[in-house]
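Architecture and fold: a report
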Amino acid sequence: TRVMGLNPRGRTNKIYTLDSNALFGMGNPLLDISAVVDKDFLDKYGLKPNDQILAEEKHKALFDEIVQKSKVEYHAGGSTQNSVKIAQWMIQEPHKVATFFGCIGTDHFGEILKQKAAEACVDAHYYEQSQEPTGTCAACITGDNRSLVANLAAANCYNKEKHLDVDRNWSLVEKARVYYIAGFFLTVSPESILKVAKHASDNNKIFGLNLSAPFISQFFKEPLMKVMPYVDIIFGNETEAATFAKEQGFETEDIAEIARRVQSLPKVNKNRQRIVVFTQGREDTVATVGDKVKMFPVLDIDQNHIVDTNGAGDAFVGGFLSELVQEKPLEECIRAGHYAANVIIRRVGCTFPEKPDFQ
């Protein structure tokens, strides 16, 4: 499909071609089960109001209990899948610009995920296995905070040899120009991430990674730092940035300074300068532009209009990727990210209206 790129002032940029499978994502496909809970519920399971953790034995009963709550919503989720789904929504046409790989179970929840991916026009190629059920993520919402508890189950079973390395799947990886993987996948298949990251680097394509959660920088430091030299764009929020800085011994809590330090970490592909993008909720987004660090104000929103911040970070990345894959400048990518996040926080879960009105 030939698309004419328009910038906001109506001048045409160069013509680029937006093909199917141009954007590739790989991660943990999870069925989100979201419900509004109270502080007692969080305390009962030892949860912080705004956090994301992997389920432990003590959380098993949480999933049953949250489903018994009066109002539960199910959505196709998982961080990377959310982002590529939103990128595809922002792009609209052609369909299947976004590809997604991940592992599901051969069960009812897996069928729901397949159906939701198809509805979102994402080209999902799941690795299906019957040892573990499809992964779920409980989103425990209190006010405008959300505590996420992920039970990876099948998502944990992704197998590089049985899926990524298979020719027909790898050919989809080769078709892509932009790659994005959330840091959460470092807990599942770091070797799959490295294979994709090296392919991107060797072919001067763009590889994006998200810091995803404080525990990734803390407990998966080694696989994270193995991938970092191949990362062209690193995303994170202020908490994740601060944790990363602490773990790396940066000895600063200044987000702009952390962005500078992350940008200058070793990098294999010297043709692309690393871009660092840190969101800070309602505060300005911090991003490296060339050698400078700039602040980008988010869109104003009446606090009363915020329904649920679950998925805001994923939405920001999705918006960003939708413009990046169309070779738009960084400022436009960030503007699209802010737009998408602004839409998502007005709704329950990582859901969106039929069409975007991003200009």
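The structure displayed is predicted, hence computed values, not measured ones.

Describing the UniProt feature "active site" (unreviewed entry) in the protein chain
Under the UniProt annotation, the feature "active site" (unreviewed entry) is placed at Asp 314. Among the secondary structure elements, Asp 314 is positioned in helix α12 (residues 312-324). Here Ser 79 takes part through its side chain, which lies 2.7 Å from a polar atom of the side chain of Asp 314.

Let's talk about the environment of Ala 35
Within the fold, Ala 35 resides in strand β4 (residues 30-36). Ala 35 sits 36 residues away from Lys 71 along the chain, and the two C-alpha atoms are 6.2 Å apart. Setting aside residues up to four positions removed in sequence, Ala 35 forms contacts with Ile 66, Lys 71, Val 72, Ala 139, Cys 140 and Ile 141.

Section: the nonpolar core
Within the largest apolar cluster, 92 residues are counted, with the highest numbers of intra-cluster contacts made by Val 196, Phe 207, Phe 278 and Phe 320. Excluding its chain neighbours within four sequence positions, the residues that come into contact with Phe 278 are Leu 211, Gly 236, Ala 241, Ile 255, Ile 258, Ala 259, Val 262, Thr 285 and Val 286. Ranked by size, the runner-up nonpolar core spans 13 residues in total, among them Leu 42, Phe 63, Ile 66 and Val 149.

Quick look at the packing of aromatic side chains
A complete count under the given rule lists 15 aromatic pairs for this structure. Their ring planes at 85 degrees and their centres at 4.9 Å tell us that Phe 24 and Phe 101 sit as a pair that is edge-to-face. Residue Phe 24 is found in strand β3 (residues 23-26), and its partner Phe 101 is found in strand β7 (residues 98-105); the two are separated by 77 residues along the sequence. Pair check on accessibility: Phe 24 and Phe 101 agree, each one buried. Taken together through their ring pairs, the aromatic side chains of Tyr 180, Phe 235, Phe 316 and Phe 320 make up a single cluster. Positioned above the aromatic ring of Trp 170, the side-chain terminus of Lys 195 is 4.2 Å from the ring centre. It is Arg 261 that lies over the ring of Phe 250; its NZ or CZ is 4.6 Å from the centre.

Procedures and definitions
- Residues numbered from 1 in each chain as written.
- Predicted model: local features only at pLDDT ≥ 70, side-chain atom pairs only at ≥ 80, totals over all residues.
- Heavy atoms only, no water.
- UniProt positions renumbered as here; feature names shortened; annotations may be inferred.
- Helix = DSSP H or I, 4+ residues; strand = E, 2+ residues; numbered from the N terminus.
- Polar contact = N/O pair within 3.5 Å; in protein donor to acceptor, adjacent residues only side chain to side chain.
- Contact = heavy atoms within 4.5 Å.
- Core = buried A, V, L, I, M, F, W, Y, C linked by side-chain atoms within 4.5 Å.
- Buried < 20%, exposed > 50% of the residue type's maximum accessible area, 1.4 Å probe, protein only.
- Phe/Tyr/Trp six-rings, centres within 6.5 Å; stacked < 30°, edge-to-face > 60°.
- Lys NZ or Arg CZ within 6 Å of the ring centre and 35° of its normal.

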